[in-house]
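Given next are the chains, with one letter for each unit.
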Number of protein chains: 4
Amino acid sequence: MSEPANHAAPPVRGAFPVFRPIATRWIDNDHYGHVNNVAYYSYFDTAVNGWLIEATGVDIRALPAIGLVVETGCRYFRPLSFPDALEVGLAVERLGTSSITYRLGIFRRGEPDAAAAGRFVHVYVEAASRRPVPVPEVIRCAVERLTVA
Amino acid sequence: MSEPANHAAPPVRGAFPVFRPIATRWIDNDHYGHVNNVAYYSYFDTAVNGWLIEATGVDIRALPAIGLVVETGCRYFRPLSFPDALEVGLAVERLGTSSITYRLGIFRRGEPDAAAAGRFVHVYVEAASRRPVPVPEVIRCAVERLTVA
Amino acid sequence: MSEPANHAAPPVRGAFPVFRPIATRWIDNDHYGHVNNVAYYSYFDTAVNGWLIEATGVDIRALPAIGLVVETGCRYFRPLSFPDALEVGLAVERLGTSSITYRLGIFRRGEPDAAAAGRFVHVYVEAASRRPVPVPEVIRCAVERLTVA
Amino acid sequence: MSEPANHAAPPVRGAFPVFRPIATRWIDNDHYGHVNNVAYYSYFDTAVNGWLIEATGVDIRALPAIGLVVETGCRYFRPLSFPDALEVGLAVERLGTSSITYRLGIFRRGEPDAAAAGRFVHVYVEAASRRPVPVPEVIRCAVERLTVA
């Protein structure tokens, strides 16, 4: 039986230059007793934006250009459940003129293989007009550290 | 400037055999005043599971085989904001032995083009062992109606 | 055994001059298969703010004074579960100089008794300074219709 | 101007025998750029249930008696915003035969006064019949440590 989604192996820790802790919440669990597929995306944008705020030292929400999310995705390899403690691995797959494509891995604390693998794409736009603009310099500098060969 | 995410045109209504209404919630809006990228995924699994429950006439959560979500994805074409009224278009892209791949479109009520396009993959597993099993017959029958040429 | 919380009877439909439909979402269900206690509060502010937007005909978020939530509460009488269709009853218990206290009832569609009873208090503040100001006239007018004897 | 909600002073740290860390998430912020009133309740049940699981050493969800939430409430004293790091103070106000009433305080890390004060009532019921039963002994023992004079 060849399933379309899990053909790829889960990423390992070495694939991510930076990790951010995330704590599950009681409400993340769904009817089946596991973290719902939706909650993973709240881990992704918390990890990306939290890291950007820390790494740049500025409140990115007040910059003249803000990152709009234009694409996200997730593959789920093994279930999670509250009260699991998690770590989100962050890497940059592509740093374009006005967009940044992040790769993410959700790891249960202490485990070598990711429980889930994500994709998250920001396009920078002028806050008022919502027209694409170059990635702000302060963000580009920070994000270059996440670029992997 | 060629952005990686929005190269494809948003899907239109004709691409979906079934539509489900979804109402936005105040809490769906984020810091920037638009529906957060995470909330779209709550629309997806509400639409898929709500439709399955209605179309099969059974509580799918009590079947011996349940659908685990193994992959999801979303491309965002234009912003949404509470109190927008939405419609979720549903189609089946691939009906496998033990998996179903859905395509979804989020439309603002009355608009011809989708504001977002989604992907949602269920793999059916035995509830207790979590081992893959064939898609339950009652679900296969219902879902065949969503298959598009 | 006298429990502290449910001594009061659930409110009935006659206690509310206005009703708003709310659809449950798959993600609202928690580990025990019922709508989580947190989700009710997303019904409350969706009902209050959605009604205010419709009844005033203005986007209340763009007014010079905005409603900050200073107190909320809920008593839970009977469980709810996706895909229940709900109706939220709205009434105003107290219309003060700068605050509005709402009473809310969550009803499963077609049922006479509320499944939950809520309380929701807005204090109006100047958007920039966050200092209390009188309830905006357009909101006061609308809300007077929700006052019950 | 006497507002109904904030007449009481916010609780201080000394009122709580136990503290639990909670990290805000990007999605917790709402249209106005602050943590939405709903999100506080996800902090409450995460803190209560997380503490119960740790303090008892058992998965409380698998006990023959489970805690149903029958009442919750919150007063909001000052705004919070992602990426604030928070601490939730926990105390037991009343330990009844079959119910436990918790008092909670949400503190921004390092601040002496609570940003919000909560109330959270569990009634223990037999998992299958949902009929009230005495608080399980393992939980009663743990919770006695949270009782304040």
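Everything below is about the structure printed above this text.
The structure displayed is predicted, hence computed values, not measured ones.

## Here we look at the sheet that holds strand β3 (residues 85-95) of chain C
Okay, so step 1: Taken together, the 10 strands give an open sheet; going across it, the order is β1(C)-β3(C)-β4(C)-β5(C)-β2(C)-β2(D)-β5(D)-β4(D)-β3(D)-β1(D), and neighbouring strands pair in antiparallel fashion. Every interior strand has two partners, whereas the edge strands, β1 (18-23) of chain C together with β1 (18-23) of chain D, have only one. The average angle at which neighbouring strand axes cross in this sheet is 25 degrees, direction not considered.
Okay, so step 2: Bridge count between strand β2 (residues 65-76) of chain C and strand β5 (residues 116-126) of chain C: 11 bridges; the pairing is antiparallel. By the bridge assignment for β5(C), Ala65(C) is matched with Glu126(C).
Okay, so step 3: Sitting on the sheet, helix α2 (residues 137-144) of chain C touches β3, β4 (99-108) and β5 of chain C, and the angle it makes with β3(C) is about 110 degrees.

## Some remarks on the relation of the copies chain A and chain B
Okay, so step 1: When chain A is brought onto chain B, the operation consists of a screw motion whose angular component is 180 degrees and whose axial shift is 0.0 Å, with 0.0 Å RMSD remaining. Given the turn and translation reported, the copies of this chain are related as if by a two-fold rotation axis. Taking C-alpha positions as reference, the residue of chain A nearest the rotation axis is Gly73(A), located at 1.9 Å.

## As for the packing of aromatic side chains
Here a ring pair, both rings aromatic, is described through the centre-centre distance and the interplanar angle of the planes.
Residue and element names in this part refer to chain B.
Okay, so step 1: Tallying each qualifying case throughout the model produces 38 aromatic pairs over all chains.
Okay, so step 2: Their ring planes at 85 degrees and their centres at 4.8 Å tell us that Tyr40 and Tyr76 sit as a pair that is edge-to-face. Note that Tyr40 is positioned in helix α1 (residues 39-56) and Tyr76 in strand β2 (residues 65-76), a separation of 36 residues in sequence.
Okay, so step 3: When its relative accessible area of 2% is taken as the criterion, Tyr40 is described as buried.
Okay, so step 4: With relative accessibility at 6%, the residue Tyr76 sits in the buried group.
Okay, so step 5: Arranged with centres 5.4 Å apart and planes meeting at 80 degrees, the rings of Tyr41 and Phe44 form a pair that is edge-to-face. Taken together, the residues Tyr41 and Phe44, both in helix α1 and 3 residues apart, mark about one turn of the helix. Across the pair, Phe44 and Tyr41 agree in class, each one buried.

## What about the sheet that holds strand β3 (residues 85-95) of chain A?
The pairing of strands in a sheet happens through backbone hydrogen bonds and is either parallel or antiparallel.
Okay, so step 1: Reading across from one edge, β1(A)-β3(A)-β4(A)-β5(A)-β2(A)-β2(B)-β5(B)-β4(B)-β3(B)-β1(B) is the order of the 10 strands in this open sheet, with antiparallel pairing throughout. The open sheet is flanked by β1 (18-23) of chain A together with β1 (18-23) of chain B, the only strands paired with a single partner. Pairs of neighbouring strands in the sheet enclose a mean axial angle of 25 degrees, with direction left out of account.
Okay, so step 2: Of the strands in this sheet, β2 (65-76) of chain A together with β1, β2, β3 (85-95), β4 (99-108) and β5 (116-126) of chain B touch α1(B), which is tilted by about 55 degrees from β5(B).

## Examining the interface of chain A and chain B
Put simply, an interface is often sized by how much accessible area is lost when its parts join up.
Okay, so step 1: The interface of chain A with chain B comprises 37 residues on the first partner and 37 residues on the second.
Okay, so step 2: Both faces considered, chain A and chain B share a buried interface measuring about 3,000 Å² in area, 57% of it formed by carbon and sulfur atoms.
Okay, so step 3: Between chain A and chain B we count 0 salt bridges in total.
Okay, so step 4: Breaking the side of chain A that touches chain B down by element, the ones donating at least two residues are α1 (39-56), β2, β4 (99-108) and β5 (116-126) of chain A.
Okay, so step 5: The dominant element in the side of chain A that touches chain B, judged by the number of residues it contributes, is β2(A), at 10 residues.
Okay, so step 6: A class-by-class count of the residues in the side of chain A that touches chain B yields 16 nonpolar, 14 polar and 7 charged.
Okay, so step 7: Across 5 bridges, β2(A) lies against β2(B) in antiparallel orientation.

## Side note on the packing of α1(B) against helix α2 (residues 137-144) of chain B
Residues and elements named next belong to chain B.
Okay, so step 1: At a closest axis distance of 9 Å, the pairing of α1 and α2 adopts a crossing angle of 105 degrees. Put simply, α1 runs roughly perpendicular to α2. Contacts from Trp51, Leu52, Ala55 and Thr56 in α1 reach Val138, Ile139, Ala142 and Val143 in α2.
Okay, so step 2: For the contact of α1 with α2, a count of residues per class yields 7 nonpolar, 1 polar and no charged.

## Brief notes about the interface of chain A and chain C
Okay, so step 1: Taken together, the contacts link 9 residues of chain A with 9 residues of chain C.
Okay, so step 2: Three residues, Trp26(A), Ile27(A) and His31(A), lead the burial of chain A against chain C; their summed loss comes to 57% of the area buried on that side.
Okay, so step 3: Applying the counting rule to chain A against chain C returns 0 salt bridges.
Okay, so step 4: Counting every contact that joins chain A to chain C gives 2 residue pairs in polar contact (both at pLDDT 80 or more).

## Structural notes on unusual backbone geometry
Okay, so step 1: In this chain, Phe82(B) is followed by Pro83(B) through a cis amide linkage whose omega measures 5 degrees.
Okay, so step 2: Topologically, Pro83(B) is positioned in the loop between β2 and β3.
Okay, so step 3: Within the chain, Arg130(A) stands out as a residue other than glycine whose phi angle is a positive 60 degrees.
Okay, so step 4: Here Arg130(A) is to be found in the loop between β5 and α2 (137-144).
Okay, so step 5: Assessed through its relative accessible area of 27%, Arg130(A) is described here as partly exposed.

## Observations regarding the relation of the copies chain A and chain C
Two chain copies, one operation linking them: a rotation about an axis together with a shift along it.
Okay, so step 1: The two copies are related by a screw motion: chain A maps onto chain C through a turn of 180 degrees and a shift of 0.0 Å along the axis, at an RMSD of 0.0 Å.
Okay, so step 2: Interface residue correspondence from chain A to chain C reaches 100%, placing this contact among same-surface, isologous pairings.

## Notes on the side chain of Asp45(C)
Okay, so step 1: Take Asp45(C): it is sitting in helix α1 (residues 39-56).
Okay, so step 2: Within the buried set, Asp45(C) has no salt-bridge partner at all; the shortest N-O distance to an opposite charge, 8.2 Å, is to Arg25(B).
Okay, so step 3: Reaching out from Asp45(C), the side chain makes a polar contact with the side chain of Asn37(D) at a distance of 3.0 Å.
Okay, so step 4: Ignoring sequence-local partners within four residues, the contact set of Asp45(C) consists of Trp26(B), Gly50(C), Phe120(C), Asn36(D), Asn37(D) and Val38(D).

## Remarks on the side chain of Asn37(B)
Okay, so step 1: Tracing the sequence through the fold places Asn37(B) in the loop between β1 and α1.
Okay, so step 2: Taking the relative accessible area as the measure of exposure, Asn37(B) reaches 7% and is therefore buried.
Okay, so step 3: Beyond its immediate sequence surroundings of up to four residues, Asn37(B) is in contact with Tyr41(A), Asp45(A), Val69(A), Thr72(A), Phe120(A) and Tyr76(B).

Rules used in this analysis
Residues numbered from 1 in each chain as written. Chains lettered and ligands numbered in written order. Predicted model: local features only at pLDDT ≥ 70, side-chain atom pairs only at ≥ 80, totals over all residues. Heavy atoms only, no water. Pairing = 2+ DSSP bridges. Helix = DSSP H or I, 4+ residues; strand = E, 2+ residues; numbered from the N terminus. Axes fitted to C-alpha atoms, helices over the stretch in contact; angles between N-to-C directions. Contact = heavy atoms within 4.5 Å. Least-squares fit on C-alpha atoms with pLDDT ≥ 70 in both. Phe/Tyr/Trp six-rings, centres within 6.5 Å; stacked < 30°, edge-to-face > 60°. Buried < 20%, exposed > 50% of the residue type's maximum accessible area, 1.4 Å probe, protein only. Buried area = accessible area lost by both parts, 1.4 Å probe. Salt bridge = Lys/Arg side-chain N within 4 Å of Asp/Glu carboxyl O. Nonpolar A, V, L, I, M, F, W, Y, C, P; charged D, E, K, R; others polar. Parallel < 35°, antiparallel > 145°, perpendicular 65-115°, else oblique. Polar contact = N/O pair within 3.5 Å; in protein donor to acceptor, adjacent residues only side chain to side chain. Lys, Arg positive; Asp, Glu negative; His and termini not counted.

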